Amino acid sequence: MDEHEFNAEPNTPSKVEVTRRTVIETGTTALLLTTLPRAALAAGPVDDNEPSPPVVDVELQINGHPHPLTVDPRTTLLDALREHLALTGSKKGCDHGQCGACTVLVEGRRINSCLTLAVMHDGQSVTTIEGLALGDNLHPMQAAFVEHDGFQCGYCTSGQICSAIGMLAESRQGMPSYVTADLMQAAAELTDAEIRERMSGNICRCAAYPNIVAAIKQTAGMPT
Amino acid sequence: MKAFTYQRADSTAHAAAVAFKPGTKIIAGGTNLLDLMKLQVETPSNLVDINRLPLDKIEDTRDGGLRVGALVRNSDLAADARVRQRYGVLSRALLAGASAQLRNKATTGGNLLQRTRCYYFYDITKPCNKRNPGSGCAALAGFNRIHAILGASEHCIATHPSDMAVAMQALDANVETVNREGESRAIPIAEFYRLPGRTPEIETSLKPGEIITAVTLPPPPPGVQIYRKVRDRASYAFALVSVAAIVDSTQGRIRSARLAFGGLAHRPWRTATAEQTLTNAPANTTSFNAAADAVLHNARGFGGNDFKIPLTQRTLHSVLAETTRT
């Protein structure tokens, strides 16, 4: 065993409370055969007869503060935020990287926190929706979403806002998109088509898309 | 998710040695593997995290090509100035895949090794020879709209889902690997993927424990490069049909053409005879139809995916018209 390998503590029970266990195991067959999102599967069935794996230590820098955690290695970054740190602003929508509700910024880049393990991010910085405002002063993207009514039910909103912030940073760095006409252009202008393509990983079932686009344009300093 | 132990690799040789053990899986971006683990399609007992290995560089090669480290993220590869300038088809293919969040996480090596999105592969209550060899193929008589029309077998009609790999097929990329003895080799991408045959569970020519370290791109061939993807949504959907094309033409005559197709088969698809048909041919409908016939003459639909045959023919026609427009 090398020094990078986590030491097993076979007699330590898992400290993770796996919630939603054995969620709706009956009926999943029918669900999978339709084109419905697999949201109902949530965290997936957990085999209660299996021994718990050894827990692992991880330290995340969340919204500027260090958070040492001891977790079951199965713990996704999303579940670490929500279930271990009570940071429930990041939402679990599909839990399969299809909806974007769980979007957070890791080392400044937007990712789906449901499709990565907390332990893979030891020592890295994570920014969640809770880390954007300065006291009572909303982040400009948050304020723009309020001003432009960029949501209805609000479930996707924290993911939309984190994603939009990551998207503007990518755009400033010159990242092209699928709809960018000229790949050699230094930085594509953020037209509505560009914003929609770059935000396609965030689904809004209330379809507040026009207002989300307006909020993003305002934050980018463009006419809405 | 089934329980597993987690460890971090400190070298590629170490990762290869650990990965050789049954039940062990390498994790890089994890965007496909964790999805499959949540559904218990994949049930590794041990995960080896290679994210901290120094495989995240894009380097110029002596022959004027590029060497892309296995851990280069899809977004970084798509945005690299050299890729945008010289390998536009690759940049476009990457940007056509997944969402920005997933591209920020997904790696070059992981993208090559992602699994099919066949519904029945994902549904552990259904027979699937790829997931459970010998259990049968539920897609044959099932809902097979997204399935293969070329190179399929009675055992599996799944398609490979990658866009990136289709562009790499057109570019004649090589997949560099290392094994647990520390020996490296370069596998031409044309020999990297397998057809399903009787063993659809074996998808690549990688041997147990062999790990992808890089993908090398030869100097780009002359010609216009485009990637055309036809799908059910304008964004964030897998290809029904895609075409990576590199076509060199002048004044209505094609000098050379490379064509790779996604969404049609168990691997990115190339047909040498179709490309030969276009060499020194006039850029007109007769030539385009001859090329499509060469690609599709062994095509076979399974009901739900019959539409892919004319869709491929029309998409190819459109791509060739665009790339030969002067």
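For clarity, every value in this text was computed on a predicted model and none was experimentally measured. (Residues numbered from 1 in each chain as written. Chains lettered and ligands numbered in written order. Predicted model: local features only at pLDDT ≥ 70, side-chain atom pairs only at ≥ 80, totals over all residues. Heavy atoms only, no water.)

Asks: Teacher, can you tell me more about the overall build of chain B here?
Replies: A count of helical and extended segments in chain B gives 13 helices and 12 strands. For chain B, the C-alpha radius of gyration of 19 Å lies close to 20 Å, the compact-globule estimate for 326 residues. Dimensions of chain B along its principal axes, counting C-alpha atoms only, are 60 × 50 × 35 Å. Evaluated residue by residue, chain B yields a buried proportion of 59% over its 326 residues. Put simply, 62% of the contacts in chain B that link residues at least 6 apart link residues at least 24 apart. Of the accessible surface of chain B, which amounts to about 12100 Å², a share of 50% is contributed by carbon and sulfur atoms. (Helix = DSSP H or I, 4+ residues; strand = E, 2+ residues; numbered from the N terminus. Rg over C-alpha atoms; globule rule 2.2 N^0.38 Å. Buried < 20%, exposed > 50% of the residue type's maximum accessible area, 1.4 Å probe, protein only. Contact = heavy atoms within 4.5 Å. Areas by Shrake-Rupley, 256 points an atom, 1.4 Å probe, with all protein chains shown as cover.)

Asks: How do you make sense of the sheet that holds strand S4 (residues 109-112) of chain A when you look at a structure like this?
Replies: Residue and element names in this part refer to chain A. Across the sheet, five strands lie side by side as S2-S1-S5-S3-S4; this open sheet has mixed pairing. Every interior strand has two partners, whereas the edge strands, strand S2 (65-71) and S4, have only one. In this sheet, neighbouring strand axes are inclined to one another by 40° on average, regardless of whether the strands run parallel or antiparallel. Across two bridges, strand S1 (residues 56-62) lies against strand S5 (residues 125-127) in parallel orientation. Bridge pairing in S5 places Gln61 opposite Ser125. Against the sheet, helix H2 (residues 77-84) touches S1, S2, strand S3 (103-106), S4 and S5, its axis set at about 100° to S2. Taken strand by strand, helix H4 (residues 157-172) contacts S3 and S4, and its axis lies near 40° from that of S3. (Pairing = 2+ DSSP bridges. Axes fitted to C-alpha atoms, helices over the stretch in contact; angles between N-to-C directions.)

Asks: How should I be thinking about H2 of chain A in this particular structure?
Replies: An α-helix turns once per 3.6 residues; consequently, residues spaced three or four apart project the same way. Residues and elements named next belong to chain A. Most of H2 is tucked away: six of the eight residues are buried. For H2, the full list of buried residues reads Leu77, Leu78, Asp79, Ala80, Leu81 and Arg82. Positive phi shows up at Ala86, right after H2, with a value of about 55°.

Asks: Got a minute to help me understand the packing of helix H3 (residues 140-147) of chain A against H4 of chain A in this structure?
Replies: In a pair of packed helices, the angle between the axes and the distance between the axes together describe the arrangement. All names here are of chain A. Orientation of H3 relative to H4, taken along the N-to-C sense of each, is 125°, at an axis distance of 10 Å. Comparing the axis directions of H3 and H4 gives the class oblique. Of the two elements, H3 crosses H4, and the hand of that crossing is right-handed. Every residue of H4 that contacts H3 at Met141, Gln142 and Phe145 is listed here: Thr157, Gln160, Ile161, Ala164, Ile165 and Leu168. Classifying every residue of the contact of H3 with H4 by side-chain character gives six nonpolar, three polar and no charged. (Parallel < 35°, antiparallel > 145°, perpendicular 65-115°, else oblique. Left-handed = near helix turned anticlockwise from the far one by under 90°. Nonpolar A, V, L, I, M, F, W, Y, C, P; charged D, E, K, R; others polar.)

Asks: Help me out: how do you make sense of the nonpolar core in this one?
Replies: Generally speaking, a soluble globular protein has its nonpolar side chains buried in company with each other. Residues and elements named next belong to chain B. With 38 residues, the main nonpolar core has Leu77, Leu90, Leu112, Met168, Phe192 and Leu217 as its most contacted residues. For this core, the secondary-structure elements that each account for two or more residues are strand S5 (66-69), helix H3 (74-79), helix H5 (88-96), helix H9 (164-170), helix H10 (189-192), strand S8 (211-217) and strand S10 (241-250). Not counting residues up to four positions away in its chain, the partners in contact with Leu112 are His160, Met164, Ala165, Met168, Val175, Ile189, Phe192, Tyr193, Ile212 and Val215. (Core = buried A, V, L, I, M, F, W, Y, C linked by side-chain atoms within 4.5 Å.)

Asks: Explain empty space enclosed by the protein here, please?
Replies: Gaps between atoms show up when a probe of the same size as a water molecule is rolled over them. Residue and element names in this part refer to chain B. Considering all chains together, one arrives at four cavities of 30 Å³ or more under this definition. Forming the walls of the second largest cavity are 17 residues, and the residues nearest its centre are Cys118, Cys128, Cys137, Cys156 and Ala158. Looking at side-chain class alone, the lining of the second largest cavity contains 11 nonpolar, five polar and one charged residues. (1 Å grid on protein atoms, 1.4 Å probe; cavity = no way out; pocket = protein on both sides within 12 Å on 5 of 7 lines; lining within 4 Å. Points joined across faces, edges and corners; volume = space filled by probe spheres on them.)

Asks: Which parts of the structure should I look at to understand the state of the cysteines?
Replies: Here, disulfide denotes a covalent bond that connects the sulfur atoms of two cysteines. One pass over the full model with this rule turns up zero disulfides over all chains. With no disulfide of its own, Cys99 of chain A has Cys94 of chain A as its nearest cysteine by sulfur position, at a separation of 3.9 Å. Judged by relative accessible area, which is 17%, Cys99 of chain A ranks as buried. Free of any disulfide, Cys128 of chain B has its nearest cysteine sulfur in Cys118 of chain B, 5.9 Å distant. On the basis of relative accessibility, which here comes to 7%, the residue Cys128 of chain B falls in the buried class. (Disulfide = S-S within 2.5 Å.)

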